[in-house]
Amino acid sequence: WLPGVLISVVALYLVFNMVNIQDLQKSLTLINPIFILFSVILTILFCVVRAFAWRILLNRKPAISQTFFAINVGYLLNNLFPFRAGEIGRAVLLGQTTGLGTFHVISTIIIERAFDLAFAALLLLSSLPLALGLDWAKPVAYSTLGLVIVGITALFLIARNTSTVQSWVVKGPGQISFIKKHLLPYLENLLDGLGSLTKPEMFLSAVFWIAVSWFIGVLNYYIVLLSIVPNAPFWWGVLIDSLLAMGIAIPSAPAAIGVFEATLVAALALVGIDASTALAYAVVMHFVQFGVTGIIGMVGLMKEGRSLGSIFKAAQSQKEMVSSPSDNA
């Protein structure tokens, strides 16, 4: 908990040290509730599209409703617990409810996150020439994009040579007692989840829907921004969303509190928006996303007859994740 909490505390201190509370309150009143309603709708639509993309990576085996609710349970866990518990939590939930197994699901989440980093880097690079004072971010974006390409290529090669990789692991690292006990029983399941990378139709479909989700995300940030900056160009939304994706990757307290706000304030400062207005915008966007995904996530838990604590414990406990192959946990 400690490193992330400290980073969040420092971020909150820096942000609130830059703003005037009265100006912040005034800026909050400038945001039209109609724009907030549009943000709620777009946030839900974003989750639906992500459910489509994730279902494709899972070889279309789960129902859309299952991936939709699992994604939001993951967001809920990320908003309440540290260590990105939501990624493991949604893998545990979907792995158990569908019988696919947690490790199979985790491998598809790895692919999904790799695509996200690639889109974030591409969008950041596309908006850099239109912004001033962002020379420092260019090497970061290029490095991220390069690492993602290398990572996806490595995953593709692993997916194409699963038997060779499995044999190498068994004869090499598999001799280590910890790996032999906790990883080898699930290695085949884990490698099987990478299968979408070797199927062009599945691969391209997933990339398409993830691209659509990014467009919806950019549109979401842009529409609310119009409430406080009516003449804002669309590329501001591109810049904000891509920088935010990079910023919240930094360790932080649950829900990226502080880091979320500081990233948006910094992004808007680069295009000339004062800190009070930017913080009001960040608070509204954070509240909408927290509330919408939290409500849907709780509905998903009730639908599956699970409690928040049970999913978190399953995500946190290595014993539950690697108990036995027949548990699909």
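In the block above lies the structure referred to throughout.
The structure reproduced in this document is the subject of the present report.

Rules of the game
- Residues numbered from 1 in each chain as written.
- Predicted model: local features only at pLDDT ≥ 70, side-chain atom pairs only at ≥ 80, totals over all residues.
- Heavy atoms only, no water.
- Helix = DSSP H or I, 4+ residues; strand = E, 2+ residues; numbered from the N terminus.
- Contact = heavy atoms within 4.5 Å.
- Buried < 20%, exposed > 50% of the residue type's maximum accessible area, 1.4 Å probe, protein only.
- Phe/Tyr/Trp six-rings, centres within 6.5 Å; stacked < 30°, edge-to-face > 60°.
- 1 Å grid on protein atoms, 1.4 Å probe; cavity = no way out; pocket = protein on both sides within 12 Å on 5 of 7 lines; lining within 4 Å.
- Points joined across faces, edges and corners; volume = space filled by probe spheres on them.
- Nonpolar A, V, L, I, M, F, W, Y, C, P; charged D, E, K, R; others polar.
- Polar contact = N/O pair within 3.5 Å; in protein donor to acceptor, adjacent residues only side chain to side chain.
- Axes fitted to C-alpha atoms, helices over the stretch in contact; angles between N-to-C directions.
- Parallel < 35°, antiparallel > 145°, perpendicular 65-115°, else oblique.
- Left-handed = near helix turned anticlockwise from the far one by under 90°.
- Salt bridge = Lys/Arg side-chain N within 4 Å of Asp/Glu carboxyl O.
- Core = buried A, V, L, I, M, F, W, Y, C linked by side-chain atoms within 4.5 Å.
- Patch = residues over 30% accessible without salt bridge, like charges linked within 9 Å, V, L, I, M, F, W, Y side chains within 5 Å.
- Areas by Shrake-Rupley, 256 points an atom, 1.4 Å probe, with all protein chains shown as cover.

A few words on the environment of Ile 64. Mapped onto the secondary structure, Ile 64 falls in helix H4 (residues 64-80). In sequence terms Ile 64 and Val 48 are 16 residues apart; their C-alpha atoms lie 8.1 Å from each other. Setting aside residues no more than four positions away along its own chain, Ile 64 makes contact with Ala 51, Phe 52 and Arg 55.

What follows covers the environment of Gly 151. Looking at the element boundaries, Gly 151 is found in helix H7 (residues 137-160). You can call Gly 151 partly exposed: its relative accessible area is 29%. Along the primary structure Gly 151 and Ile 111 are separated by 40 residues, whereas in three dimensions their C-alpha atoms are 9.3 Å apart.

This next bit is on the packing of aromatic side chains. In this description, a pair of aromatic rings is defined by centroid distance and the angle of the planes. If you walk through the whole model with that rule in mind, you get 7 aromatic pairs. With a centroid separation of 6.3 Å and 85° between ring planes, the pair formed by Trp 235 and Trp 236 is classed as edge-to-face. Residue Trp 236 is classed as buried on the basis of its relative accessible area of 12%. Three or more aromatic residues joined by ring pairs form one cluster here, namely Phe 52, Phe 208 and Trp 209.

Let's shift gears to empty space enclosed by the protein. All told, the structure shown has 1 cavity of 30 Å³ or more when counted by the stated rule. Taken as a whole, the largest cavity spans an internal volume of roughly 40 Å³. Around the largest cavity, the lining residues are Gln 66, Phe 69, Ala 70, Leu 93, Leu 94, Thr 97, Gly 300 and Glu 304. Elements with a minimum of two residues in the lining of the largest cavity: H4, helix H5 (85-98) and helix H14 (275-304). When the residues that make up the lining of the largest cavity are grouped by side-chain class, the tally is 4 nonpolar, 3 polar and 1 charged.

The subject of this paragraph is the side chain of Thr 67. Position of Thr 67 relative to the elements: it lies in helix H4. Among the residues examined, Thr 67 registers a relative accessible area of 0% and is labelled buried. A distance of 3.0 Å separates a polar atom in the side chain of Thr 67 from the backbone oxygen of Ile 64. Apart from residues lying up to four places away in sequence, Thr 67 is in contact with Ala 51, Trp 54, Arg 55, Leu 58, Pro 62 and Leu 94.

Below, the discussion takes up the layout of surface pockets. The volume enclosed by the largest pocket comes to roughly 1200 Å³. Considering the residues around the largest pocket, the lining is formed by 42 residues, among which Tyr 75, Asn 78, Arg 84, Arg 113 and Ile 248 are closest to the centre. For the lining of the largest pocket, the elements supplying multiple residues, two or more each, are helix H1 (2-18), helix H3 (33-57), H4, helix H6 (102-127), helix H11 (200-228), helix H12 (234-247) and H14. Per element, the largest residue contribution to the lining of the largest pocket is 5 residues, and it comes from H11. The class makeup of the residues in the lining of the largest pocket is 25 nonpolar, 11 polar and 6 charged.

With that settled, the discussion passes to the packing of H5 against H6. Relative to each other, H5 and H6 sit at 135°, their axes nearing to 8 Å. The pairing of H5 with H6 is recorded here as oblique in orientation. Where H5 crosses over H6, the two elements pack in a sense that is right-handed. Mapping the contact onto sequence places Glu 87, Ile 88, Arg 90, Ala 91, Val 92, Leu 94 and Gly 95 in H5 and Thr 102, Val 105, Ile 106, Ile 109, Glu 112 and Arg 113 in H6. Class assignment of the residues belonging to the contact of H5 with H6 gives a composition of 7 nonpolar, 2 polar and 4 charged.

Right, let's talk about the pattern of salt bridges for a bit. Counted according to the given criterion, the structure contains 7 salt bridges. Between Arg 50 and Glu 112 there is a salt bridge, and its shortest N-O distance comes to 2.8 Å. Placement of Arg 50 in helix H3 and of Glu 112 in helix H6 is noted, with a sequence separation of 62 residues between them. The partner of Glu 201 in a salt bridge is Arg 60, with the nearest N and O atoms 3.2 Å apart. Of this pair, Glu 201 sits in helix H11 while Arg 60 sits in the loop between H3 and H4, and the two are 141 residues apart along the sequence. Residue Arg 60 is classed as partly exposed on the basis of its relative accessible area, which comes to 34%.

Moving on, we get to the nonpolar core. Among the nonpolar cores identified, the biggest contains 82 residues, and Leu 225 and Tyr 281 are the most heavily contacted of them. Among all residues touching Leu 225, those that are not within four sequence positions of it are Ala 232, Trp 236, Ile 240, Leu 268 and Tyr 281.

Turning our attention to a nonpolar patch on the surface. Where nonpolar side chains cluster on the molecular surface, the patch consists of Ile 34, Leu 37, Phe 38 and Ile 41 and spans about 390 Å² of accessible area. By the element assignment, Ile 41 lies in helix H3.

Positive phi, normally seen in glycine, also occurs at Asn 59, with a value near 60°. With respect to the helices and strands, Asn 59 occurs in the loop between H3 and H4. For Asn 59, a relative accessible area of 35% gives the class partly exposed. Phi at Ala 256 takes a positive value of approximately 55°, unusual for a residue other than glycine. You can see Ala 256 is positioned in the loop between H12 and helix H13 (259-269).

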